[in-house]
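Structure at a glance
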Amino acid sequence: MAHPTQLGFQDAASPVMEELLHFHDHALMIVFLISTLVLYIIIAMVSTKLTNKYILDSQEIEIVWTILPAVILVLIALPSLRILYLMDEINDPHLTIKAMGHQWYWSYEYTDYEDLGFDSYMIPTQDLTAGQFRLLETDHRMVVPMESPIRVLVSAEDVLHSWAVPSLGVKMDAVPGRLNQAAFIASRPGVFYGQCSEICGANHSFMPIVVEAVPLEHFENWSSLMLEDA
């Protein structure tokens, strides 16, 4: 959950998001070092009256500032490609959930169960109870078991939407007529918030996503109650 004055990412709640945070810190440190070096060179050139003829025309320094950026780009590209492949990896999911985007709410269908599905609408501000978040709470949460591979099939019924939960490291476009898939593992119990990340119309900012990760035993009890109600 993001908080006021927060500058960085939300706390990671999945292994992929942890990798993304590490890569962000790795790339940011490289950018910081390059920026510091360039700033130092600019200040040194502006403030000094001396001229070094070996810097003005030097084959060695030409080689260095050609090879060094190439090495830095490789150091950034390799971890990036590794994470891209990790994000696409889906190994034997324990649960598959179909998320359909509508104007303007989400509907979820647990495809491993015969008849388990529901619509998820935002709770209006006037109906919120103490401790609930405005524009983020829904009347039905997407409940998943923690420490289990979850596959989410994402599509839309009308216009472009995007199913995104930052703390889980998931963001997948919902395209009408197309079925996209994303995967995540909730590494700890908790309630994780997201929103539609595609401008989908007038009420685009009023279709939040709430994922609740619970122990497997609690998930089984929840699914049994939902099936009985259905």
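Note that the coordinates shown come from a computational prediction; the quantities given were computed from them, not determined experimentally.

Turning to the overall build of the protein chain, a few remarks are in order. Helices and strands together make up the secondary structure of the protein chain, namely 4 helices and 10 strands. Starting at the N terminus, the α and β elements of the protein chain follow one another as α-α-α-β-β-β-β-β-β-β-β-β-β-α. Over its C-alpha trace the protein chain gives a radius of gyration of 24 Å, far above what one expects of a compact globule, namely 17 Å for 230 residues. C-alpha extents for the protein chain along the principal axes are approximately 85 × 40 × 35 Å. Out of the 230 residues belonging to the protein chain, those deemed buried represent 32%. Of the contacts formed within the protein chain by residues at least 6 apart in sequence, a portion of 64% connects residues at least 24 apart. Split by element, the accessible area of the protein chain, about 14500 Å² in all, is 61% carbon and sulfur. Taken as two groups, the 10 positive and 28 negative side-chain charges of the protein chain have centres that lie 13 Å from each other.

An ideal rise of 1.5 Å per residue puts 20 Å on 14 residues; helix α4 (residues 216–229) measures up with 20 Å between its terminal C-alpha atoms. Those residues of α4 that sit buried are Phe219, Trp222, Ser223 and Met226. Viewed along the axis of α4, the buried residues span an arc of 100°, placing them on a single side of the element. Opposite the buried face of α4, by more than 90 degrees, sit the exposed residues Glu217, Leu225 and Glu228.

This brings us to unusual backbone geometry. Of note, the amide linkage connecting Gln103 to Trp104 takes the cis form, showing an omega dihedral of -5°. With a phi angle near 45°, Asp92 is a residue other than glycine that sits in the positive phi range. Within the secondary structure, Asp92 is located in the loop between α3 (59–88) and β1 (95–102). What makes Asp92 exposed here is its relative accessible area of 61%. Despite not being glycine, Glu147 shows a phi value in the positive range, around 60°. With respect to the secondary-structure elements, Glu147 resides in the loop between β4 (142–145) and β5 (149–156).

Time to look at the packing of helix α1 (residues 15–47) against α3. Helix packing geometry: the angle between the two helix axes and the distance between the axes. Contact geometry for α1 and α3: axes closest at 10 Å, N-to-C directions at 165°. By the angle between their axes, α1 is roughly antiparallel relative to α3. The two elements α1 and α3 cross, and the hand of that crossing is left-handed. Along its contact with α1, which presents Val16, Glu19, Leu20, Phe23, His26, Ile30 and Ile34, the element α3 presents Ile72, Leu75, Ile76, Pro79, Ser80, Arg82, Ile83, Leu86 and Met87.

Glancing now at the UniProt feature "transmembrane region" (unreviewed entry) in the protein chain. When the UniProt feature table is mapped onto this chain numbering, "transmembrane region" (unreviewed entry) sits at residues 27–51 and 63–85. This span, residues 27–51, is 84% helix and 0% strand, and a straight line between its end C-alpha atoms measures 34 Å. In residues 63–85, the share of helix is 100% and the share of strand is 0%. The end C-alpha atoms are 33 Å apart.

Moving on: the side chain of Asn180. Here Asn180 shows up in strand β8 (residues 180–185). Judged by its relative accessible area of 12%, Asn180 falls in the buried class. At 2.9 Å, the side chain of Asn180 and the side chain of Arg178 are in polar contact. For Asn180, the residues in contact, after removing those within four places along its chain, are Val152, Leu153, Val154, Met172, Asp173 and Val175.

Here the protein chain is partitioned into domain 1 (15–88) and domain 2 (95–229). One C-alpha centre belongs to domain 1, the other to domain 2; they are set 40 Å apart. Where domain 1 abuts domain 2, roughly 380 Å² becomes buried across the two surfaces, and 57% of that area is made up of carbon and sulfur atoms. Three residues, Pro15, Met17 and Met87, lead the burial of domain 1 against domain 2; their summed loss comes to 79% of the area buried on that side. Taken together, domain 1 and domain 2 are joined by 0 salt bridges. Our count for the contact surface shared by domain 1 and domain 2 stands at 0 residue pairs in polar contact (both at pLDDT 80 or more). Along the lines of polarity and charge, the residues of the side of domain 1 that touches domain 2 split into 5 nonpolar, no polar and 1 charged.

Each value, and the rule that gives it
- Residues numbered from 1 in each chain as written.
- Predicted model: local features only at pLDDT ≥ 70, side-chain atom pairs only at ≥ 80, totals over all residues.
- Heavy atoms only, no water.
- Helix = DSSP H or I, 4+ residues; strand = E, 2+ residues; numbered from the N terminus.
- Rg over C-alpha atoms; globule rule 2.2 N^0.38 Å.
- Buried < 20%, exposed > 50% of the residue type's maximum accessible area, 1.4 Å probe, protein only.
- Contact = heavy atoms within 4.5 Å.
- Areas by Shrake-Rupley, 256 points an atom, 1.4 Å probe, with all protein chains shown as cover.
- Lys, Arg positive; Asp, Glu negative; His and termini not counted.
- Charge placed at Lys NZ, Arg CZ, Asp CG, Glu CD.
- Expected span 1.5 Å × (residues − 1).
- Arc of directions from axis to C-beta.
- Axes fitted to C-alpha atoms, helices over the stretch in contact; angles between N-to-C directions.
- Parallel < 35°, antiparallel > 145°, perpendicular 65-115°, else oblique.
- Left-handed = near helix turned anticlockwise from the far one by under 90°.
- UniProt positions renumbered as here; feature names shortened; annotations may be inferred.
- Polar contact = N/O pair within 3.5 Å; in protein donor to acceptor, adjacent residues only side chain to side chain.
- Domains from an automatic or database assignment.
- Buried area = accessible area lost by both parts, 1.4 Å probe.
- Salt bridge = Lys/Arg side-chain N within 4 Å of Asp/Glu carboxyl O.
- Nonpolar A, V, L, I, M, F, W, Y, C, P; charged D, E, K, R; others polar.

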